[in-house]
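Examining the three-dimensional arrangement
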Amino acid sequence: MVNDEERLAVVLREFARTLTTDFPMQGIVDHLVGRIVEVLPVTSAAVTLISHDLSPKYVSASNAASLGFEQLQSNFGDGPCILAYQSGESVAVPDLLLDERFPVFGPAARAEGLAAVFTFPLRHGDGCIGALDLYRETTGPLSVHEMITAETMADVVAACLINAQARERADVASAAYLYDSLHDPLTDLPNRTFLMDRVHDANVRAKRSRLNTGVYFVDLDRFKLINDHHGHHVGDKLLIAVARRFSNILRQEDTVARISGDEFVFLCEALPDTIEAENIGARIEKVFERPFVVDGLRLSISASIGMAVVGPGEEISAELIVHADTAMYLIKRHRGGRRHVVGPIDSALSSLPQNFEQEIGDALEKNELHVAYQPIVRMSDNVMSGVEALLRWEHPTRGKISPVIVVGAAERSSLINLLGEWILERSCSALRTWGIGDRLAPIGIAVNVSARQLVSGDFFNTVEQTVSGAGIDPTRLVLEMTENLLIEDSDRAMKVLSDLRGLGVRIAVDDFGTGYSSLSYLTRLPIDIVKIDQSLIAGIASGPEAVVVSAVTNLAHELGMVVVVEGIENQAQHHEIARIGCDYAQGFYFSEPMSESGIMGIDWSLPLPNGPSRFR
Ligand code: C2E
Ligand code: MG
Ligand code: MG
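Residues numbered from 1 in each chain as written. Chains lettered and ligands numbered in written order. Predicted model: local features only at pLDDT ≥ 70, side-chain atom pairs only at ≥ 80, totals over all residues. Heavy atoms only, no water.

Let's talk about the coordination of the magnesium ion (ligand 3)
Counted only if it meets this: In this description, a donor is an N, O or S atom within 2.8 Å of the metal centre, a cutoff extended to 3.2 Å for sodium, potassium and calcium. Water is not part of the atom list, which can make sites seem incomplete. Counting from the N terminus, the helices are DSSP H or I runs at least four residues long and the strands are E runs at least two residues long.
Protein ligation of the magnesium ion (ligand 3) involves D510 (OD), D511 (OD), E566 (OE) and E566 (OE), the donor distances falling in the range 1.9 to 2.5 Å. Expressed as a motif, the donor residue spacing for the magnesium ion (ligand 3) is D-D-x54-E. Distance-wise, the magnesium ion (ligand 2) is placed 3.9 Å from the magnesium ion (ligand 3), both being coordinated by D510. With D510 in strand β17 (residues 506–512) and E566 in the loop between β19 (562–565) and α22 (571–580), this residue pair connects regions lying 56 residues apart in the sequence.

Written out as structure tokens, the structure is:
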């Protein structure tokens, strides 16, 4: 026969076990009220957890009557449970009729058939987390032994509850931590880590799939302008609004992640064909058709979207994101922030072999790369006042490869730094070899620099050392950067530019007019020279471009900048820009890019003859 002591020992052991298992709080209180009525001579039992920091409030009762008594006490704010909770002491009411401490609860409970109640606080440290109520339909006290048993159970259960509570909190916190580590806090979209997980999963699925996978790299155009003009809080809200629209166009199997400031990546699996891949690009593009309303402002923005698609069974890796990024970059770089267009450059890049960067590296080592130099002439007298260095590669099997492709591919890795250093070094030493550095003024030698080169590595020191190594005057060097990249780029880029200017190097904004041509932006960029893009020149003699070129020229002059016009191919264009008052010109009309020795053959102090024939 099991005696009371043994039964109690069994019950206590059961509770102790919850300390080492995943028993939930509600399960513990349910178990307590169920078991205690077996151990002690009471009709029913109930528990209410009252403590402020225990939420939700857990209630358990062994039957409907005890639940009713529990509710009476909490509704009235009166009863032994409340007293035990407040005093931290057990409360014994052997006869409810004779006890005057509960004027509201007492009569109401008696009317429901309650005769006696014994309450034990669930203690935790100096405070209480709730109380255990034992109800009886007959009057009379519990023995000292029974009171101690009940108190012991209350203490053990309190310890179990605190333990379970800590466990539940830890579970919630670790789930939240996991979520946070995979999401962008601003937009709540998946972050780069999450995206890479999805890329990995997609690759596993793709091995068995007969479908295509597309990656879309989306970069908002001119986002920096929005931050600058309206403040970061508007920029942040805009990013949230963009993220929301992106989420709305997703299919079940798509992921969109925010991977940095204004850059988003879509990973879209299970595309039946390339038409669907294009459709998704168009859908992303459409997101920007309507303006975004933020803080009462109507913000019209566009995005540059680069796309990379792989066919069935092909590997899906981080490389695919890099390809989409490169495609996006080229769109921004060469077409100036136009929306989704996957053009020949992108296709050319994405169809390049995986090891193309390696080929460039090898070509660099084998001296297969060259730099060509295109004269820049002074408008007033056609005297050569500088040259632009342009990369050339005659590939042994592929033939001539555009520098746009070479630079674009090199930018996928840190190779761009090596390549950029090499071009800079070649150009500076060419200037030195010509021996006309001090007279080839004011442009001197202009070298194109990619923004990625600018912010990666120690670009400033590279320039400083290359210039001094070649023994040329830093004021003879111009670094050309594109307008979009200048506008979009980080504070870090601006700092490097201003350090370079401190050294005496001048900065040119290249291809001006292809992007946003925000004239006001000219006033804010750390630049000395504006190079007007050839796309504005092509129709200048007959079209409205003359007005734009004239406005840019006037403003640049106001700001003390020099204006160079690119892509002069004929006399009519030459006349027009002369009329407008541009300072310098470059184009096939004067000379195509030529070799280092070709430049040597020019008498720099004489006007370059007009007409394309001589220097072709
Ligand atoms: P860019 O800096 O705007 O260079 C001017 C481009 O216009 C050159 O193309 C040049 O050959 C071409 N050009 C010059 N005059 C005329 C003309 O009268 N008519 C026409 N239609 N085109 C003319 P290229 O050499 O193919 O270079 C293309 C772009 O590749 C450059 O544009 C520049 O952004 C980039 N690039 C070239 N070399 C380098 C380099 O060493 N480093 C970097 N980062 N980029 C480079
Ligand atoms: Mg250039
Ligand atoms: Mg240009």
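What to know about the side chain of E576
Condition: Polar contact is the term for a pair of N or O atoms within 3.5 Å; when the atoms are in protein, one must be able to donate a hydrogen and the other to accept it, and sequence-neighboring residues count only if both atoms are side-chain atoms. Contacts are assigned to residue pairs with any non-hydrogen atoms lying within 4.5 Å of each other.
By the secondary structure assignment, E576 is in helix α22. A polar contact of 2.5 Å, which involves the side chain of E576, links it to the side chain of R579. The contacts of E576, once residues within four sequence positions are left out, are I540, A541 and A546.

Overview of α22
Rules: Think of it in three bands: with a 1.4 Å probe and only protein chains considered, a residue is buried below 20% of the maximum accessible area for its type, exposed above 50%, and partly exposed in between. Note: the arc covers the axis-to-C-beta directions of the helix.
Taken together, the buried positions of α22 are occupied by Q573, H574, E576, I577 and I580. Seen end-on, α22 carries its buried residues on one side only, within an arc spanning 165°. Within α22, the exposed residues directed more than 90 degrees away from the buried face are H575 and R579. Elements in contact with the buried residues of α22: α21 (545–558), β19 and β20 (584–585). Among the residues of α22, the N-terminal cap falls to N570, whose side-chain oxygen and the backbone nitrogen of A572 are separated by 3.3 Å.

Details of unusual backbone geometry
The phi angle of most residues is negative, glycine excepted, and most peptide bonds adopt the trans form. A cis amide bond links A441 with the next residue in sequence, P442, at an omega value of 0°. Summarising the element assignment, P442 is placed in the loop between α15 (415–434) and β15 (444–448). One non-glycine residue, D188, lies in the positive phi region at around 70°. Looking at D188, the relative accessible area reads 44%, which means it is partly exposed. At D295, a residue that is not glycine, the phi angle is positive and equals roughly 50°.

Re the pairing of strand β13 (residues 384–395)
Quick note on the threshold: Being paired, for any two strands, means DSSP has found at least two bridges between them.
A large share of β13 lies buried, amounting to ten of its twelve residues. Note that strand β12 (residues 369–378) and β13 share nine bridges and pair antiparallel. Bridge assignment links H370 to a residue of β13, and that residue is R392. Linkage of β12 to β13, two consecutive antiparallel strands, is achieved through a turn of five residues, within which N382 is found at a positive phi near 65°. Pairing of β13 with strand β14 (residues 399–401), which is carried by three bridges, proceeds in the antiparallel orientation. Bridge pairing links E394 to K400 in β14. What sits between the antiparallel neighbours β13 and β14 is a turn of three residues.

A few points about the coordination of the magnesium ion (ligand 2)
For a metal with four donors in a tetrahedral arrangement, the ideal angle between donors is 109.5 degrees, while six donors in an octahedron ideally sit at 90 or 180 degrees. Within the first shell, the magnesium ion (ligand 2) binds the protein through E388 (OE), N448 (OD1), E480 (OE) and D510 (OD), at distances of 2.0 to 2.2 Å. Sequence spacing among the residues donating to the magnesium ion (ligand 2) works out to E-x59-N-x31-E-x29-D.

Keep in mind these values describe shape, not function.
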